[in-house]
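# A look at the structure
Each chain, written out:
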Amino acid sequence: MIYELECEAMIRDQLEARGIRDPRVIDAMRAVPRECFVPEESHGLAYEDHPLPIGNGQTISQPYIVALMTELLELPSDAEVLEIGAGSGYQTAILAHLAHHVCALERDAELAERARHALDELGFGRIDLRVGDGFQGWPEPERRFDGILLACAPDHLPERLAASLKPGGRLVLPIGPAGGTQQLTVVTRGADGETSRRELLPVRFVPMV
Ligand code: SAH
């Protein structure tokens, strides 16, 4: 890997120093070359501690936020995961490293095409990445997931997504107003089907549209 030193520094100073502990998440963050998901002129900035523009007004999330949201999913080893707002495809690749199968939706067809290309190049051809609106959930409505991750912020909990969780599954998402501060939220579906919510910290994501 070309940016091995930058990647190790990112893991140590941004992830471990802030409390990311799950070795599977650390392994994934080490294995996926983040520079492959940012525009060429930003390759040298790929491991810095902030989001970066990926075109079409969208951003690739800060590495710490990617790691934190992934850890919060607490995925089982045979997990089926849904990501909404695949953007660059970086978070998608991290999830694919950990999960048995990843479905991903992105509303912007151009970003989705670029993400698909980057994922294919790295050998993540099994990811089911489609163009679509995450509010509606996965196009096969009967499908259930162990984890669902949103990289764009709705102003309320999309009920359809919460309903797509398996019992024991988790939905990790920012909830709050567009252009403002949102709360990073974990929604857990109990064995009885009831959901509970936990708000963790203020974050800033692009809006879900
Ligand atoms: N995880 C991505 C984040 C990209 S930014 C990365 O690290 O690169 C969030 C993405 O959510 C944008 O690409 C945006 O187009 C997408 N998005 C916004 N609203 C959406 C919706 N309703 N359905 C699907 N994707 C959406």
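Each remark here, short or long, concerns the structure printed above.
In this numbering scheme, every chain counts its residues from 1 along its sequence in written order. Restriction of local features to residues with pLDDT of at least 70 applies here, the model being predicted, together with a cutoff of 80 or more for giving and counting side-chain atom pairs; totals for whole chains, interfaces and linings are based on all residues. Calculation of side-chain values draws on the structure's entire complement of heavy atoms; hydrogens and water are dropped beforehand.

## Observations concerning the sheet that holds strand β4 (residues 101-106)
To keep things clear, this is the line we draw: Note on pairing: DSSP must find at least two bridges between two strands before they are called paired. Going along the chain from the N terminus, every DSSP run of H or I of four or more residues is numbered as a helix, and every run of E of two or more is numbered as a strand. Simply put, an axis is a line fit to the C-alpha atoms, just over the touching stretch for a helix, and the angle between two N-to-C directions goes from 0 to 180 degrees.
Strand order in the open sheet formed by seven strands is β5-β4-β3-β6-β7-β8-β9, and the pairing between neighbours is mixed. The open sheet has two edge strands with one neighbour each: β5 (128-131) and β9 (195-203). Going across the sheet, the axis of each strand differs from the next one's by a mean of 15°, ignoring polarity. Relative to strand β7 (residues 165-175), strand β6 (residues 145-150) runs parallel, the two sharing four bridges.

## Considering the site of the ligand
The test is simple: Distances are taken per atom, and a residue is near a molecule or strand as soon as one of its heavy atoms is within 4 Å of it. Nitrogen and oxygen atoms within 3.5 Å of one another constitute a polar contact, given that in protein one can donate a hydrogen and the other can accept it, and given that sequence-neighbouring residues count only through two side-chain atoms. Each accessible area is a Shrake-Rupley estimate made with a 1.4 Å probe; only the visible protein chains count as cover when residues are assessed. Residues are grouped as follows: nonpolar covers Ala, Val, Leu, Ile, Met, Phe, Trp, Tyr, Cys and Pro; charged covers Asp, Glu, Lys and Arg; every other residue, Gly included, is treated as polar.
Taken together, 23 residues form the shell around the ligand, and within it S88, E106, D133, G134 and V209 come nearest. Backbone polar atom of R107 to a nitrogen atom of the ligand: 3.3 Å apart, as the coordinates give it. The protein chains hide 99% of the 580 Å² of surface that the ligand would expose on its own. Every element with two or more residues in the shell around the ligand is listed here: β2 (58-60) and β3 (80-84). In terms of residue count, β2 provides more of the shell around the ligand than any other element does, three residues in total. Residues of the shell around the ligand, tallied by class, amount to 10 nonpolar, nine polar and four charged.

## Section: the packing of aromatic side chains
Given two aromatic rings, one states the distance between the centres and the angle between the planes to describe the pair. Note the following rule: For Phe, Tyr and Trp, rings pair up if their centres lie within 6.5 Å, where Trp contributes its six-membered ring, and each pair is then called stacked (planes under 30 degrees apart), edge-to-face (over 60) or tilted (otherwise). Comment: the charge-over-ring label is applied if NZ (Lys) or CZ (Arg) is within 6 Å of the ring centre and within 35 degrees of the ring normal.
In the structure shown here, the tally under the stated rule is two aromatic pairs. The lysine or arginine in question, R18, covers the ring of Y64, its NZ or CZ lying 5.2 Å from the ring centre.

## So, the pairing of β3
Stated precisely, the cut-off is as follows: The buried label applies to any residue whose accessible area, calculated with a 1.4 Å probe on protein chains only, is under 20% of its type's maximum; exposed applies above 50%, and partly exposed to all values in between.
Taken across its five residues, β3 has four buried, putting it largely inside the fold. Note: β3 against β4, five bridges, orientation parallel. Bridge pairing in β4 places V81 opposite V102.

## Describing the pattern of salt bridges
Selection rule: Each salt bridge in this description consists of a side-chain nitrogen of Lys or Arg and a carboxyl oxygen of Asp or Glu lying within 4 Å of one another.
Tallying each qualifying case throughout the model produces 12 salt bridges. R18 is the salt-bridge partner of D49, the closest N and O atoms lying 2.5 Å from each other. With D49 in the loop between α2 (23-31) and β1 (52-55) and R18 in the loop between α1 (4-15) and α2, the pair connects residues that are 31 residues apart, well separated along the chain. E74 is paired through a salt bridge with R170; the nearest N and O atoms lie 3.6 Å apart. Of this pair, E74 sits in the loop between α3 (63-72) and β3 while R170 sits in strand β7, and the two are 96 residues apart along the sequence.

## Notes on the environment of Q62
Definition in use: Note on contacts: a residue pair qualifies if any of its non-hydrogen atoms lie within 4.5 Å across the two residues.
Relative to the helices and strands, Q62 resides in the loop between β2 and α3. Sequence spacing of Q62 and E140 is 78 residues, and the spatial spacing of their C-alpha atoms is 31 Å. Not counting the four nearest positions on each side in its chain, Q62 is found in contact with R18, R34, D49, H50 and P51.

## Structural notes on unusual backbone geometry
Phi is positive for N56, which is not a glycine, with a value near 55°. The topology assignment puts N56 in the loop between β1 and β2. A positive phi is found at E74, a non-glycine position, where the angle reads about 45°. In this structure E74 comes out as partly exposed when scored by relative accessible area, which is 46%.

## What about α3?
For an α-helix, the turn length of 3.6 residues means that residues three or four places apart are oriented alike. Within α3, 10 of the 10 residues are buried, leaving the element largely enclosed by the surrounding structure. Every buried residue of α3 is accounted for by P63, Y64, I65, V66, A67, L68, M69, T70, E71 and L72. Directly beyond the C-terminal end of α3, a positive phi value near 45° is found at E74.

## Concerning the packing of α2 against helix α4 (residues 90-98)
Heads up, the condition is: Angular relationships are summarised with four words: roughly parallel below 35 degrees, roughly antiparallel beyond 145, roughly perpendicular across 65 to 115, and oblique for the angles in between. By convention the crossing between two helices is left-handed if the near helix lies anticlockwise of the far one by an angle smaller than a right angle, and right-handed if it lies clockwise.
It is the contact of α2 with α4, at a shortest axis distance of 9 Å, that shows an interaxial angle of 130°. As judged from the angle between their axes, α2 and α4 are oblique. The handedness of the crossing between α2 and α4 comes out as right-handed. Every residue of α4 that contacts α2 at R24, V25, D27, A28, M29 and A31 is listed here: Y90, I94, H97 and L98. In terms of residue class, the contact of α2 with α4 is made up of seven nonpolar, one polar and two charged.

No statement about biological role is implied by the geometric values presented.
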